Each structure stands twice: as C-alpha cells, then as structure tokens.
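An overview of the molecular structure
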Amino acid sequence: MNRLTDAIKHLIIINAILFIAPQLLKLDFTNILALHFPKNEHFGFWQYVTHMFMHGSFPHILFNMYGLWAFGTPLEQMWGKKKFFFFYFSAGIGAGLIYTLVNYYQFNGIYELFINAGLTDSEVISILEIGSTNDARLTDVINQEQFNEIWSLYNTPAVGASGAVYGILVAFGLYFKDAKLALIFFPIPIAAKYFIPVMILGDLFFGMTKYSIGNVAHFAHIGGALIGFLIAYYWKKNQFKMN
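Residues numbered from 1 in each chain as written. Predicted model: local features only at pLDDT ≥ 70, side-chain atom pairs only at ≥ 80, totals over all residues. Heavy atoms only, no water.

**Considering the pattern of salt bridges**
Summed over all chains, the structure comprises two salt bridges. For the salt bridge of Glu123 with Arg137, the shortest nitrogen-to-oxygen distance reads 3.3 Å. Taken together, the residues Glu123 in helix α6 (residues 121–130) and Arg137 in the loop between α6 and α7 (144–155) connect sequence positions 14 residues apart. (Salt bridge = Lys/Arg side-chain N within 4 Å of Asp/Glu carboxyl O. Helix = DSSP H or I, 4+ residues; strand = E, 2+ residues; numbered from the N terminus.)

Here it is in structure tokens:
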C-alpha cells in the first residue's frame, strides 16, 4: 500500500475538514466557497481555488480523495511536494476556468433570446433569480427546456476536486502508461494508456449530449485533464533538461 505523502496528506485533511465541519456546526459555505456562474451575485474569483475543497456528498469526497491518493502518490514521490502542489492547483483552477467558459458559451446562446425579446440585463437576472417568469415578451421566444438550462447554468455552483484529480489521472497515464487499472463496475484490469482516454471520452460524450446521469461537471473533468496533460507532457518531455 502506498504511504501517505505530505502534499496529499494535507490536501485530504483540508478537504475532510471542510466537508465535516460545516455539518457539525450546521453552517453552509456554498455561497462563499463553491464556484458560481460569473453573473451570479455570489461569484468570487477566489472560488476557482476554494471550490476544489468543497464536496456535495460522502461518496463524492470519498472517490475524489481515493483518486488523489491512488494516482497522485507516485507522482508526488517522483516530482516532490512543491511541484505536485503546483500541478494539482494548476489542473484544478484550469478545470474551473474551462468549465466557466463552456457554461458561458451555453448561457449566452439562450441569454441572447431574452435580450432580443426586449428584456434588459437586470430583468434577465431577476427572472433567473426568481426561477420563473410570466413576462409576455417571452411568449413563444424560449421553451421550458431552454429556460431550465439557463436557470441551471446561472444557479448551480460547482464543487469538488474532480478537475484536479482528472489532471492527476492523465499525468499518471503519461508516466505509468502500462499500469493496470480497474473499477468496480468494470473489474477487468486495463492498462492506464487505454483506460484513462476512455474515461475522458466518456466525459466528452456525456458533456455534449443529454445522457448525463446526475449533476456532473463533465467539462470541468475535461478541463482538468487538458491542463494536466499539457503540464505533465511538457515536464516529461523536458525532464532531462530541468534541474
């Protein structure tokens, strides 16, 4: 069994504290620490960091911390604590930024329908905060599915270390491509170089279709994987040129 390395130990402790303490103290830090849509009144730039330490359920934090430990440990042992911290936060912040960009693109496609119908920006925001509208100007302009989508984009915050963990997964696959991986729902061991790309393609498929199960930030996963790949590929390619 892999020993608990320093960076991963501290990350797990912070995540555990921010998951358990609010429940014991009956406090809700979602509006402050979770990553909100930029037009939402609760949005803050610090949330690109803090959302990585928030989780919505015990299975959510359990799987993320397991992935951090299982795949991050050999990377920290190889890179060292400081370099691993840099990688982890870069992947997590990058995941949040790419997730926001995708949401902004989806949001604006529907938002323009409101504006073209004659509503002002403040009127649109008021409608999204209330969650329903009887404005006659919107009759036959948007359907219920479009309204539900833009309402969800505006009001649903993102939480979790999944983006950073996906970055770690990709880096693990680059450095340990022949390592055998298996999951509970697919227990047959598969080499990391095949297993991890399939996971990312699955996120891309679910993110671009309506088949996603549950409220999963697929593009945050893809964003973390992309940033993680770029950094890990550069480091691996230049590892003999760096001190």
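The discussion continues.
**Focus: the packing of aromatic side chains**
In the structure shown here, the tally under the stated rule is 18 aromatic pairs. Between Phe229 and Tyr233, the aromatic rings sit 5.6 Å apart at their centres with planes inclined by 20 degrees, giving stacked as the arrangement. Highlighted residues: Phe229 and Tyr233, both in helix α10 (residues 218–237), separated by four residues, approximately one helical turn. Here the aromatic cluster, defined as three or more aromatic residues joined through ring pairs, consists of Phe53, Phe84, Phe85, Tyr88 and Phe89. One residue, Lys83, lies across the ring of Trp235, its end atom 4.5 Å from the ring centre. Taking the ring centre of Tyr175 as reference, the NZ or CZ of Lys236 above it sits at 5.8 Å. (Phe/Tyr/Trp six-rings, centres within 6.5 Å; stacked < 30°, edge-to-face > 60°. Lys NZ or Arg CZ within 6 Å of the ring centre and 35° of its normal.)

**What about the nonpolar core?**
Formed by 36 residues in total, the largest nonpolar core has its most connected members in Leu68, Trp79, Phe84, Phe87, Tyr88 and Ile168. Counting only elements with at least two residues in this core, the list comes to α1 (6–25), α4 (58–79), α5 (81–116), α8 (162–175), α9 (192–208) and α10. Top element by residues in this core is α8. It accounts for 10 residues. Those residues in contact with Ile168 that lie beyond four places of it in its chain are Leu68, Phe71, Gly72, Leu75, Phe84, Phe87 and Tyr88. Counting 17 residues, the second largest nonpolar core, distinct from the first, contains Ala117, Ile125, Ile127 and Leu153. (Core = buried A, V, L, I, M, F, W, Y, C linked by side-chain atoms within 4.5 Å. Buried < 20%, exposed > 50% of the residue type's maximum accessible area, 1.4 Å probe, protein only. Contact = heavy atoms within 4.5 Å.)

**Digging into the packing of α9 against α10**
Relative to each other, α9 and α10 sit at 140 degrees, their axes nearing to 8 Å. Judged by the twist between their axes, the crossing of α9 over α10 is left-handed. Where α9 approaches α10, its residues Ile200, Asp203, Leu204, Phe206, Gly207 and Met208 are matched on the opposing element by His218, Phe219, His221, Ile222 and Ala225. Its residues placed into classes, the contact of α9 with α10 shows seven nonpolar, three polar and one charged. (Axes fitted to C-alpha atoms, helices over the stretch in contact; angles between N-to-C directions. Left-handed = near helix turned anticlockwise from the far one by under 90°. Nonpolar A, V, L, I, M, F, W, Y, C, P; charged D, E, K, R; others polar.)

**Observations regarding the side chain of Asn40**
Note that Asn40 resides in the loop between α2 (30–33) and α3 (47–50). At 2.9 Å, the side chain of Asn40 forms a polar contact with the backbone nitrogen of His42. A polar contact of 2.9 Å, which involves the side chain of Asn40, links it to the backbone oxygen of Tyr154. Residues within four places of Asn40 in sequence aside, it is in contact with Tyr154 and Asn155. (Polar contact = N/O pair within 3.5 Å; in protein donor to acceptor, adjacent residues only side chain to side chain.)

**Comments concerning empty space enclosed by the protein**
Going through the model one piece at a time under the given rule, you end up with one cavity of 30 Å³ or more. By volume, the largest cavity is sized at about 60 Å³. Around the largest cavity, the lining residues are Leu35, His36, Phe37, Pro38, Tyr99, Thr100, Asn103, Leu153, Thr156 and Ala158. Ranked by residues supplied to the lining of the largest cavity, first place goes to α5 with three residues. Its residues assigned to classes, the lining of the largest cavity shows six nonpolar, four polar and no charged. (1 Å grid on protein atoms, 1.4 Å probe; cavity = no way out; pocket = protein on both sides within 12 Å on 5 of 7 lines; lining within 4 Å. Points joined across faces, edges and corners; volume = space filled by probe spheres on them.)

**Topic: unusual backbone geometry**
Despite not being glycine, Lys26 shows a phi value in the positive range, around 55 degrees. Among the secondary structure elements, Lys26 is positioned in the loop between α1 and α2. Residue classification places Lys26 among the exposed positions, given a relative accessible area of 75%.

**Notes on α10**
Look at α10: 28 Å from first C-alpha to last across 20 residues, which is about the 28 Å you get at 1.5 Å a residue. Inspection of α10 places His218, Phe219, Ala220, His221, Ile222, Gly223, Gly224, Ala225, Gly228, Ile231, Ala232 and Trp235 among the buried residues, and these make up the whole buried set. Tucked into the core, α10 has its buried residues touching α4, α5, α8 and α9. (Expected span 1.5 Å × (residues − 1).)

**Quick look at a nonpolar patch on the surface**
Taken together, the side chains of Ile20, Leu24, Leu25 and Leu27 make up a nonpolar region of the molecular surface, amounting to roughly 430 Å² of accessible area. Note on placement: Leu24 falls in helix α1. Under the relative-accessibility criterion, Leu24 is labelled exposed at 68%. (Patch = residues over 30% accessible without salt bridge, like charges linked within 9 Å, V, L, I, M, F, W, Y side chains within 5 Å. Areas by Shrake-Rupley, 256 points an atom, 1.4 Å probe, with all protein chains shown as cover.)

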